[in-house]
Amino acid sequence: MCRGVLVCMVPQCPVLYMLYFLFCMQYGHCLYTDSDQLNGCYASHILLRSGTPVVPIPASLSNATAAPLNCALATMVHAVDRIEHLSPTTASAGQQHCALVQGAGLLGVYGVALLKQRGFTTVYCSDVDRSRLATVERFGATPVLIENADSLRNVVQPSSMDAVFEVCGQKSVLADGLHSLRCGGSYVLVGMVHPDSALPFTAEDIVRKCATVVGVHNYNEEHLRKAVQFLDDTASVFPYGLLVSPPYKLSELLDAIAAAKTQQFHRVSLQP
């Protein structure tokens with residue numbers, strides 16, 4: 001790889017000691033100590049450990065378009081890969097393939113775009129935020145505004161979705177998600193990465209639907225490479241420029257945090 005090439009990296013790096021695997025170091029999550037420094041997270045420099053997978057970013061992609069792929073997009077590539085057996089194929093041409101994405105944050109936006117590119121006929125996206133639904137509609141979603149307990153069920157028929165993706169982190173959406181899933185469909189949980197996530201349905205509910213419930217957390221090098229390729233292939237198809245703010249200087253971190261709280265953009269960017 002040539003010097004000066006822009007790259008993205010997988011956030012985990014295995015740490016070895018005398019050929020034994022000790023633990024998986026994660027960039028941006030480790031403490032800054034005298035012996036362990038430059039791990040990223042609001043920093044001007046990151047020191048990549050030996051063995052960290054890196055993927056070059058095409059020069060055709062802007063920094064703003066490429067920046068979120070390292071987390072949100074690569075994670076959703078992983079999530080959508082988990083339902084590959086349900087994706088439309090040449091043999092199923094002419095059939096309707098439908099999916100529901102619960103949450104119109106950045107994970108939801110990328111999820112909708114990925115599913116549309118993979119041939120899903122209809123991709124519903126539910127959220128409580130009108131402005132976010134307006135954005136995700138531009139990525140091919142059929143928006144569903146959640147205003148009360150019946151909002152989703154008034155739009156999405158029961159047992160009609162081939163796949164459902166939870167990307168909002170709210171356990172309150174799970175019962176509706178399973179209700180909309182068809183027999184033999186897959187429910188992919190991505191956003192429930194916190195303790196307040198007890199499932200509001202029973203094993204019987206899953207068994208009677210012959211449903212597959214999958215949890216997805218983070219991604220590997222393969223997913224990151226697919227994410228870069230997807231962005232390069234669809235840069236002129238989807239309005240990625242809507243998702244990321246103009247960059248703030250690292251010295252303006254507090255201003256960037258304040259901007260993030262307004263939720264005007266899906267991501268607020270920092271320029272080292």
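What counts and how
Residues numbered from 1 in each chain as written. Predicted model: local features only at pLDDT ≥ 70, side-chain atom pairs only at ≥ 80, totals over all residues. Heavy atoms only, no water. Buried < 20%, exposed > 50% of the residue type's maximum accessible area, 1.4 Å probe, protein only. Helix = DSSP H or I, 4+ residues; strand = E, 2+ residues; numbered from the N terminus. Pairing = 2+ DSSP bridges. Right-handed = clockwise from strand over helix to strand, strands pointing away. Contact = heavy atoms within 4.5 Å. Disulfide = S-S within 2.5 Å. 1 Å grid on protein atoms, 1.4 Å probe; cavity = no way out; pocket = protein on both sides within 12 Å on 5 of 7 lines; lining within 4 Å. Points joined across faces, edges and corners; volume = space filled by probe spheres on them. Nonpolar A, V, L, I, M, F, W, Y, C, P; charged D, E, K, R; others polar. Axes fitted to C-alpha atoms, helices over the stretch in contact; angles between N-to-C directions. Parallel < 35°, antiparallel > 145°, perpendicular 65-115°, else oblique. Left-handed = near helix turned anticlockwise from the far one by under 90°. Phe/Tyr/Trp six-rings, centres within 6.5 Å; stacked < 30°, edge-to-face > 60°.

Moving on, we come to the pairing of strand β8 (residues 161–166). Among the six residues of β8, six are classified as buried, and the element is accordingly described as predominantly covered. Both strand β5 (residues 98–102) and β8 contribute to a ladder of four bridges, which runs parallel. Bridge pairing links leucine 100 to valine 164 in β8. Of the strand pairs in this sheet, β8 and strand β9 (residues 181–189) are connected by five bridges, and their pairing is parallel. Each residue of the ladder has a partner; that of methionine 161, found in β9, is leucine 181. Where the polypeptide runs from β8 across helix α5 (residues 174–180) and back to β9, its parallel neighbour, the crossover connection is right-handed.

Before going further, it helps to examine the environment of valine 213. Relative to the helices and strands, valine 213 is located in strand β10 (residues 212–215). For valine 213, a relative accessible area of 33% gives the class partly exposed. Taking the C-alpha atoms as reference points, valine 213 and glycine 185, separated by 28 residues in sequence, lie 8.8 Å from one another. Residues contacting valine 213, with those up to four places away along its chain left out, are Tyr187, Leu189 and Ile206.

As a further point, take the state of the cysteines. According to the stated counting rule, one finds zero disulfides in the structure shown. Not part of a disulfide, cysteine 8 finds its nearest cysteine sulfur in cysteine 71, a span of 12 Å. This cysteine, cysteine 125, is not joined by any disulfide, and cysteine 168 carries the nearest cysteine sulfur, 9.5 Å off.

The next point concerns the layout of surface pockets. Empty space left among the atoms is revealed by rolling a probe the size of a water molecule over them. Approximately 210 Å³ is the volume found for the second largest pocket. As for the second largest pocket, its lining consists of Gly105, Leu106, Leu107, Arg132, Ala260, Gln263, Phe265, His266, Arg267 and Val268. A class-by-class count of the residues in the lining of the second largest pocket yields five nonpolar, three polar and two charged.

Turning to the packing of helix α2 (residues 72–81) against helix α3 (residues 106–117), a few remarks are in order. Packing of α2 against α3 leaves a shortest axis separation of 9 Å and a crossing angle of 50°. Between α2 and α3, the interaxial angle falls into the category oblique. As for the relative orientation of α2 and α3, their crossing is right-handed in sense. Here Ala72, Leu73, Thr75, Met76, Val77 and Val80 of α2 come into contact with α3, specifically with Leu106, Leu107, Tyr110, Gly111, Leu114 and Leu115.

Below, the discussion takes up the packing of aromatic side chains. Per the counting criterion, the structure on display carries four aromatic pairs. Pairing phenylalanine 139 with tyrosine 240 gives two aromatic rings, centres 5.8 Å apart and planes at 55°, and the pair type is tilted. Within this pair, whereas phenylalanine 139 is found in the loop between α4 (130–137) and β7 (142–145), its partner tyrosine 240 is found in the loop between α7 (221–234) and β11 (248–249), the two being separated by 101 residues in sequence. Assigned by exposure class, phenylalanine 139 and tyrosine 240 land together as buried. Through pairs of rings, three or more aromatic residues link up here, namely Tyr110, Phe139, Phe238 and Tyr240.

Right, let's get into the pairing of β7. Judged from the four bridges that link them, strand β6 (residues 122–127) and β7 form a sheet pairing that is parallel. Bridge pairing links cysteine 125 to proline 143 in β7. Following the chain from β6 across α4 to the adjacent parallel β7, one finds a crossover that is right-handed.

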